[in-house]
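Close look at the chain arrangement
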Amino acid sequence: MGQIFMSFHEPSLWDKAKMGLIMGGSVGACLGCLIGFYSTMKFGPGPRGYLGTIGQYALGSGASFGFFMMIGSCIRTDEDLSLSAEDRSALKAQMHRYRWTGSTATYATPTAFYLAKAAKREAAEN
């Protein structure tokens, strides 16, 4: 049996835009259906009837939410910006320079700082 070679390629900007539009459109349409159903039950269906009013809400919110999700997914698309060895070492040096400092020790993360602070407060109370 022959070998099967698979390759992975990252989705293009257009693929990510389509994915954001579909996801945002479906979430927005679902929320629009819920809001439209609530609105028709509270205020009545209006001249378009129940289905027309709920559909109008679903299409309106689906289109707007889908548009904004599409724009957001395009903005979040990362380019292939690999750091060189010099940039990585400079970044590490800056990270070590700006570490969180406590009264007695140096903490690498804010979480460790707050956990140590809570432990000190608890020890002082006991």
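Source: prediction; values computed, not measured.

What to know about the side chain of lysine 16
Along the chain, lysine 16 falls in helix 1 (residues 13–43). Residue lysine 16 is classed as buried on the basis of its relative accessible area, which comes to 17%. Setting aside its immediate chain neighbours within four residues, lysine 16 contacts Glu10, Pro11, Ser73 and Thr77.

Notes on the packing of aromatic side chains
Applying the stated criterion to the full structure yields one aromatic pair. Aromatic side chains phenylalanine 67 and phenylalanine 68 sit 5.5 Å apart centroid to centroid with 70° between the ring planes, which places their arrangement in the edge-to-face category. Overall, phenylalanine 67 belongs to the partly exposed group, its relative accessible area being 42%. Of the residues examined, phenylalanine 68 reaches a relative accessible area of 58% and is grouped as exposed.

Things to note about helix 1
Across its 31 residues, helix 1 extends 43 Å between first and last C-alpha, which sits within 8% of the 45 Å expected from 1.5 Å per residue. When helix 1 is considered as a whole, its buried residues turn out to be Lys16, Ala17, Gly20, Gly24, Gly25, Gly28, Gly32, Gly36, Ser39 and Thr40. Contact partners of the buried residues in helix 1: helix 2 (49–75). One or two steps after helix 1, the chain reaches glycine 44, where phi turns positive at roughly 95°.

Procedures and definitions
Here the residue numbers are simple positions, counted from 1 along each chain's written sequence. Given that the model is predicted, a residue must reach a pLDDT of at least 70 before its local features are reported, and side-chain atom pairs must reach 80 or more before they are shown or counted; all residues, however, enter totals for whole chains, interfaces and linings. Side-chain figures throughout are based on the complete set of non-hydrogen atoms in the structure, without hydrogens or water. The helix and strand labels rest on DSSP assignments: H or I over at least four residues marks a helix, E over at least two residues marks a strand, and numbering proceeds from the N terminus. Buried residues are those whose accessible area, probed at 1.4 Å on protein chains only, stays under 20% of the maximum for their type, while exposed residues exceed 50% and partly exposed ones sit between those limits. Here a residue-residue contact requires only that any non-hydrogen atoms of the pair lie within 4.5 Å. Side-chain rings of Phe, Tyr and Trp (the six-membered ring for Trp) are treated as a pair once their centres are within 6.5 Å; stacked means planes under 30 degrees apart, edge-to-face means over 60, and tilted covers the remaining angles. To estimate the expected span of a helix, subtract one from its residue number and multiply by 1.5 Å.

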